[in-house]
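Residue strings, one per chain:
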Amino acid sequence: MEYAVECKKLVKSFGEDTILNGLDMNIPKGKITTILGYSGAGKSTLLKHILGLLRPTSGSIEVLEKDLSTMDDLQLRDFRKNFGMLFQYAALFDSMTTFENIAFPLKEFTKMKEAEIKDKVDHLIQAVGLVKESTYKLPSELSGGMRKRVGLARALALEPEIMLYDEPTTGLDPITTKMVNDLIKSTSDKNSDKKLTSIIISHDIQATLKISDYIAFLERGHILEYCPTEEFKKTKHPTIRKFLDLTSH
Ligand SMILES: Nc1ncnc2c1ncn2[C@@H]1O[C@H](COP(=O)(O)OP(=O)(O)OP(=O)(O)O)[C@@H](O)[C@H]1O
Ligand SMILES: [Mg+2]
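Values in this document were obtained by computation on a predicted structure and should not be read as measured data.

Reading the values: rules and limits
- Along each chain, numbering runs from 1 in the same order as the chain's sequence is written.
- All chains are assigned letters beginning at A, and all ligands numbers beginning at 1, according to the order in which they are written.
- Local features are withheld for residues below a pLDDT of 70 in this predicted model, meaning they are given only at 70 or higher, and side-chain atom pairs are given and counted only at 80 or more; totals for whole chains, interfaces and linings count all residues.
- Whether a residue is near a molecule or strand depends on its C-beta atom, placed from the backbone, lying within 6 Å of it.
- Here a helix means four or more residues in a row that DSSP labels H or I, a strand means two or more in a row labelled E, and each is numbered from the N terminus.
- Asp, Glu, Lys and Arg are counted as charged, while Ala, Val, Leu, Ile, Met, Phe, Trp, Tyr, Cys and Pro are counted as nonpolar; the rest, among them Gly, fall into the polar class.
- Exposed residues have 12 or fewer other C-beta atoms within 10 Å of their own C-beta, buried residues have 20 or more, and partly exposed residues fall in between, where C-beta atoms are placed from the backbone.
- Two strands pair if DSSP finds at least two bridges between them.
- Axis lines are fitted through C-alpha atoms, for helices just across the contact stretch, and the angle between N-to-C directions can take any value from 0 to 180 degrees.
- Contact definition: two residues whose C-beta atoms, as placed from backbone geometry, lie within 7 Å.

1. Observations regarding the site of ligand 1
Near ligand 1 the following residues occur: F14, I19, G37, S39, G40, A41, G42, K43, S44 and T45. With three residues, helix α1 (residues 43-50) is the single largest residue contributor to the shell around ligand 1. Residue classes in the shell around ligand 1 are distributed as three nonpolar, six polar and one charged.

Below you can see the structure in the form of structure tokens.
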């Protein structure tokens with residue numbers, strides 16, 4: 001199997017606190033992997049290592065076959081072009097229209113011409129299921145679900161190899177939550193030929209079980225369980241059973 005991320009004995013300490021405690025975890029390419037765990041388990045800390053925003057105290061992490069520890073800040077910044085990110089709040093530029101938001105990374109990071117950018121943005125708008133009328137609206141004129149779609153289109157603009165979702169549905173109503181989860185899944189399916197890897201951090205256990213290929217459960221910087229979704233559902237691990245029961249209604 002090919003891996004997008006390979007952690008070997010990954011340790012991260014802040015002072016006396018060890019947050020990641022010898023993590024061995026490989027995330028397969030072209031699949032959806034979700035990282036679950038209680039608040040404070042170290043999920044976002046792991047995500048920051050994948051992005052090269054934090055460096056390990058010991059152990060190693062390779063992303064897309066590159067050892068991040070050998071890169072300087074400039075190389076890391078360049079490397080981050082391989083990532084698309086969608087966060088809890090879509091973090092759009094408020095004073096820019098849908099079109100301008102999605103065009104932004106293309107103008108910033110590529111040498112594409114106006115006409116090419118227009119084609120690409122139109123294509124992205126269609127790909128995430130936005131109606132044409134949204135093109136010249138500001139974020140404040142869009143619904144929460146539509147803003148997520150714009151955020152996703154912008155994240156996909158540079159054709160990333162890895163999409164990162166940190167709590168993409170927290171705080172959304174049930175219908176929008178379903179829409180965002182369907183969108184994550186359809187984005188993964190549509191880009192399966194390009195082996196787009198999706199990594200999700202989530203508390204939304206029901207959605208996780210529906211859309212993930214693999215699930216990891218993190219506790220105090222350890223992996224308690226990491227396996228295909230079907231196996232995960234049957235886990236006998238008491239901590240995880242409790243988590244599944246607590247969050248299933
Ligand atoms: N820069 C830092 N300095 C010191 N401690 C930190 C730092 N970043 C994270 N921590 C600590 O690491 C622990 C794990 O934090 P992290 O944000 O990874 O948790 P999480 O699993 O994402 O939780 P949540 O579900 O609440 O987002 C927390 O106890 C936090 O206080
Ligand atoms: Mg977090």
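2. Here we look at the pairing of strand β8 (residues 197-201)
A regular strand places its side chains so that they alternate between the two faces of the sheet. By the criterion of burial, β8 is predominantly enclosed, with five of the five residues buried. Of the two faces of β8, the one holding T197, I199 and I201 and the one holding S198 and I200 are both buried throughout. Here strand β3 (residues 32-36) pairs with β8 via four bridges, running parallel. Residue pairing across strands places I35 opposite I201, the latter belonging to β8. With five bridges connecting them, strand β7 (residues 162-166) and β8 associate as parallel partners. Looking across to β8, one finds that M163 is bridged to S198.

3. Considering the sheet that holds strand β9 (residues 214-219)
As summarised here, the arrangement of the six strands in space is β6-β7-β8-β3-β9-β10, forming an open sheet in which the pairing is mixed. Taken across any chain shown, the strands that pair with only one partner, and hence form the sheet edges, are β6 (83-87) and β10 (222-228). Within this sheet the neighbouring strands show an average axis-to-axis angle of 15°, counted without direction. Across the sheet, helix α6 (residues 174-190) touches β3, β7 and β8, and the angle it forms with β8 is around 160°.

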